[in-house]
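One letter stands for each residue in the lines below.
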Amino acid sequence: MCSEVNNTHDDTTPSSTNPADYGCNFRILDNNDQILELQTIIRDKNTTRSDFKFYADRLIRLVIEESLNQLPYSDCSVVTPTGAIYDGLKYRSGNCGVSIVRSGEAMEQGLRDCCRSIRIGKILVESDAETHAARVVYARFPDDIARRQVLLMYPIMATGNTVIQAVNVLRDHGVPETAIILSNLFCTPVAARMVVSAFPDMKILTSELHSTAPNHFGQKYFGTD
């Protein structure tokens, strides 16, 4: 059983980098030297844009692959070329991706590389430069999104405000929290605390929990820095 997030904390708790402090629906990719190298290259200010995009795409692919492991599967049997019966698994029908524009669009190709014909919706959230308040200005989804499992894609979570607004839009369209998997690259403890407190039943997968997020990601990836 998934334990509830402990929302009673002192001033030091939001800085915790222990994923267990954020409930069992919050997961970090198993750390290894390859992932740490990719994170280092992405954070390095001297990384060229071509290298940045190449290594960011590698990290995106790893996060997407693990996110797909969180989707529901069904048992199935197939006949092999030798006539043998093989008992395996297949995705349950009704998966789709939703990217939070614009940086979330960087993760769309990684999802398409894994799922050839998957439907992808979009949400545009704007943040006030002074107050950082977020508001949704555009959303487009498949008509039957309320019956789908949703991979919500957003690479950088610094405050959690944008993700909360995006999830609220999905819920307004009938998508339950339990049907949403947030695929993320970099997350701060403040954002993790905010999002899991708002949506404890939503699954979150990230590659890193760190107090400083590489907020230059979108500009560098798309060459607008």
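Residues numbered from 1 in each chain as written. Predicted model: local features only at pLDDT ≥ 70, side-chain atom pairs only at ≥ 80, totals over all residues. Heavy atoms only, no water.

**Q** Describe the packing of helix H4 (residues 161–172) against helix H5 (residues 189–198), with residues and values.
**A** Between H4 and H5, the least distance of the axes is 9 Å, while the angle of their chain directions is 20 degrees. It follows from the interaxial angle that H4 and H5 lie roughly parallel. Relative to H5, H4 is oriented so that their crossing is right-handed. Of H5, the residues touching H4 (which contributes Asn161, Val163 and Ile164) are Met194, Val195 and Ala198. Its residues assigned to classes, the contact of H4 with H5 comprises five nonpolar, one polar and no charged. (Axes fitted to C-alpha atoms, helices over the stretch in contact; angles between N-to-C directions. Helix = DSSP H or I, 4+ residues; strand = E, 2+ residues; numbered from the N terminus. Parallel < 35°, antiparallel > 145°, perpendicular 65-115°, else oblique. Left-handed = near helix turned anticlockwise from the far one by under 90°. Contact = heavy atoms within 4.5 Å. Nonpolar A, V, L, I, M, F, W, Y, C, P; charged D, E, K, R; others polar.)

**Q** Account for helix H1 (residues 33–43), with residues named and values stated.
**A** Every buried residue of H1 is listed here: Ile35, Leu38, Gln39, Ile41 and Ile42. All buried residues of H1 fall inside an arc of 160 degrees around its axis, so they share one side. Against helix H2 (49–68), strand S10 (186–187), strand S12 (208–209) and helix H6 (217–222) lie the buried residues of H1. Where H1 begins, one side-chain oxygen reaches toward the backbone nitrogen of Gln34, 3.1 Å away; that side chain belongs to Asn32. (Buried < 20%, exposed > 50% of the residue type's maximum accessible area, 1.4 Å probe, protein only. Arc of directions from axis to C-beta. Polar contact = N/O pair within 3.5 Å; in protein donor to acceptor, adjacent residues only side chain to side chain.)

**Q** How would you summarise the packing of aromatic side chains if you had to cite specific residues and measurements?
**A** Enumeration over the complete set of coordinates arrives at six aromatic pairs. Both rings, one in Tyr73 and one in Tyr91, keep their centres 4.8 Å apart while their planes meet at 35 degrees; by these two values the pair is tilted. With a gap of 18 residues between them, Tyr73 in strand S2 (residues 73–79) and Tyr91 in strand S3 (residues 85–91) connect regions that are remote in the sequence. What makes Tyr73 partly exposed here is its relative accessible area of 29%. An aromatic cluster of at least three residues, connected via ring pairs, comprises Phe52, Phe217, Tyr221 and Phe222. The cationic tip of Arg102 hangs over the ring face of Phe222; the distance from NZ or CZ to the ring centre is 4.0 Å. (Phe/Tyr/Trp six-rings, centres within 6.5 Å; stacked < 30°, edge-to-face > 60°. Lys NZ or Arg CZ within 6 Å of the ring centre and 35° of its normal.)

**Q** Tell me about the side chain of Glu177, and name the residues and values.
**A** Relative to the assigned elements, Glu177 resides in the loop between H4 and strand S9 (180–183). With a relative accessible area of 14%, Glu177 lands in the buried category. A distance of 3.1 Å separates the side chain of Glu177 from the backbone nitrogen of Asp201, its partner in a polar contact. Contacts of Glu177, omitting those with residues within four sequence positions, involve Arg171, Ala198, Phe199, Pro200, Asp201 and Met202.

**Q** Which residues make up the environment of Tyr73, and what values do they have?
**A** As a C-alpha pair, Tyr73 and Gly88 span 15 residues in sequence and 9.9 Å in three-dimensional space. In terms of polar contacts, Tyr73 uses its side chain to reach the backbone carbonyl oxygen of Leu68, at 3.1 Å.

**Q** Just give me the short version of the pattern of salt bridges, but keep the residues and values in it.
**A** Oppositely charged side chains can pair when the atoms bearing their charge come close. Overall, the coordinates contain 10 salt bridges when judged by the stated rule. Among the salt bridges present, the one from Lys53 reaches Asp57, with a minimum N-O distance of 3.4 Å. Here Asp57 and Lys53 lie together in helix H2, a separation of four residues that amounts to about one turn. We classify Asp57 as partly exposed; its relative accessible area is 28%. Two residues, Glu108 and Lys122, come together in a salt bridge whose shortest N-O distance is 2.5 Å. Of this pair, Glu108 sits in helix H3 (residues 108–114) while Lys122 sits in strand S5 (residues 119–127), and the two are 14 residues apart along the sequence. Residues joined by salt bridges that share partners form a network here, namely Glu105, Glu108, Arg112 and Lys122. (Salt bridge = Lys/Arg side-chain N within 4 Å of Asp/Glu carboxyl O.)

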